[in-house]
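Structure at a glance
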Amino acid sequence: MKEMIIMKKCSIILAVLLAAALCGCSDKGGTSNNESSRAEISIAESNDTSEPIIGTGESSTARTVSEPTISTTSEPDSRETFITGVMGEKILTTEISAVFSNNGAELTAAELTRETFSAVLCDGFAYLAEPSGLARNSIDNADVYDENTLQFSDVTPQPVSDYKRVNVGDSIGGLTLKEAQVNFASGSEMGLPDVAFVYGSAMFEGELTMTGYIARAAEDTYNFMTGDLMFVPCDGESTLPVMSYTYDEQLGYCHAPQYVSSGSGFTWYNEFGYIYLGNAADTTADISMIPDDGSFVKVKVTFDSLMMSSGIDRGNVITAELIDIT
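This write-up is about the structure you can find in this document.

Each value, and the rule that gives it
- Residues numbered from 1 in each chain as written.
- Predicted model: local features only at pLDDT ≥ 70, side-chain atom pairs only at ≥ 80, totals over all residues.
- Heavy atoms only, no water.
- Helix = DSSP H or I, 4+ residues; strand = E, 2+ residues; numbered from the N terminus.
- Buried < 20%, exposed > 50% of the residue type's maximum accessible area, 1.4 Å probe, protein only.
- Areas by Shrake-Rupley, 256 points an atom, 1.4 Å probe, with all protein chains shown as cover.
- Pairing = 2+ DSSP bridges.
- Phe/Tyr/Trp six-rings, centres within 6.5 Å; stacked < 30°, edge-to-face > 60°.
- Contact = heavy atoms within 4.5 Å.
- Salt bridge = Lys/Arg side-chain N within 4 Å of Asp/Glu carboxyl O.

Let us look at the overall build of the protein. When helices and strands are counted, the protein shows 1 helix and 22 strands. Sorting the 326 residues of the protein into buried and exposed places 50% on the buried side. Total accessible area computed for the protein in this model is approximately 14700 Å², and 49% of it derives from carbon and sulfur atoms.

Moving on, we get to the sheet that holds strand S18 (residues 258–261). Strands sit in the order S7-S19-S18 across an open sheet of 3 strands; the sheet is antiparallel. Strands at the two margins of the open sheet, each flanked by one partner only, are strand S7 (136–137) and S18. Two elements, S7 and strand S19 (residues 267–270), share 2 bridges in a ladder whose sense is antiparallel. Residue Asn-137 lies in a different strand from S19, and its bridge partner there is Trp-268.

Following the criterion strictly, the structure yields 16 aromatic pairs and no others. Look at Phe-197 and Tyr-253: their rings are 5.8 Å apart centre to centre, the planes differ by 75°, and that puts the pair in the edge-to-face class. Taken together, the positions of Phe-197 in strand S13 (residues 195–205) and Tyr-253 in strand S17 (residues 252–254) put the pair 56 residues apart, joining distant regions of the chain. Here Phe-197 matches Tyr-253 in class, with each residue buried.

Before going further, it helps to examine the side chain of Ser-101. In this fold, Ser-101 is placed in strand S3 (residues 96–101). With a relative accessible area of 4%, Ser-101 lands in the buried category. Each residue touching Ser-101, except ones within four places of it in the same chain, is listed here: Leu-107, Thr-116 and Ser-118.

What follows is about the pairing of S13. As a general feature of sheets, a regular strand has side chains that alternate between the two faces. Within S13, 11 of the 11 residues are buried, which leaves the element mostly enclosed by the surrounding structure. Relative to S13, strand S12 (residues 175–186) runs antiparallel, the two sharing 10 bridges. In the strand pairing of S13, Val-182 is matched with Gly-200. In this structure, S13 lies alongside strand S21 (residues 297–311), joined through 5 bridges in antiparallel fashion. Within the sheet, the bridge partner assigned to Met-203 lies in S21 and is Met-307.

Let us look at the pattern of salt bridges. Counting across every chain of the model gives 6 salt bridges. One salt bridge connects Lys-164 with Glu-130, and the closest N-O pair in it is separated by 2.8 Å. Taken as a pair, Lys-164 in strand S10 (residues 164–167) and Glu-130 in the loop between strand S6 (125–128) and S7 lie far apart in primary sequence, 34 residues in all. Assessed through its relative accessible area of 24%, Lys-164 is described here as partly exposed. Assessed through its relative accessible area of 37%, Glu-130 is described here as partly exposed. Residues Asp-140 and Lys-298 are paired through a salt bridge, measuring 3.2 Å at the closest nitrogen-oxygen approach. With Asp-140 in the loop between S7 and strand S8 (145–146) and Lys-298 in strand S21, the pair connects residues that are 158 residues apart, well separated along the chain. Take Asp-140: its relative accessible area is 34%, and that puts it in the partly exposed class. Each of Glu-89, Glu-95 and Arg-165 takes part in one network of salt bridges that share partners.

What follows is the structure in structure tokens.
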């Protein structure tokens, strides 16, 4: 319950800040590193050589994913707004939890108009994609890894447009969506549609077990504190739902695999970056096999309480609670 409250408060605060920011100027080049949480670390794109440094330097019954509600009758649904979702569905007034005007004032859904619109929050659904499981890393896939370009020769990042609307209570990737929120805002200044989807967050129920590489931060850096744990799944191991939003004029809302290189010399390629598993000082799991020098070791981890968030072209944040490691 504590995590749910924190998540909702953070989402509302973000929307207020976003509404204020959109009234002034846009910052398309920003990243999630600008957020206050140390876990909010943006992911480097394939053509970005910047390196995030680590180390040195209630159970519910799963249901089938629901399709978006799109009116096919001759008479429009009186609850429909002018806002269109990622799937082409009209957002309904009954789905809106908060409205912010272009002067920063909070309005009701009934007061929402194009003229006053700045940002809208909706609860109860998220836009997610099924994982491909594709991943590479410089240890397991050394034969196709180029140390000079920090890339893998057998894969090429290609944007994919396969997001779907997932409602709270639906299942995806072996998990059940527990809580979710999306944010629509005026997007013209960001190279997006006039009324655009710009941010999403989700919380899931269920446990996942994966094999991959983990590291413990050896010292405080801009992105990490000493003892922070970062996990990267191996190829075929990741079943995480994908939430890493970008926008393409031809494809619309989409995502693409990304390259990330750590300060300890470990490079990887996958659909989401890495999972932040908390700090060594706070976990109850036995982490004695993880070196404290920032180097990566291969392990099998089990975790739950998965949370993720992503903004258009602003990277993503994925956190979970470590249960066990072997």
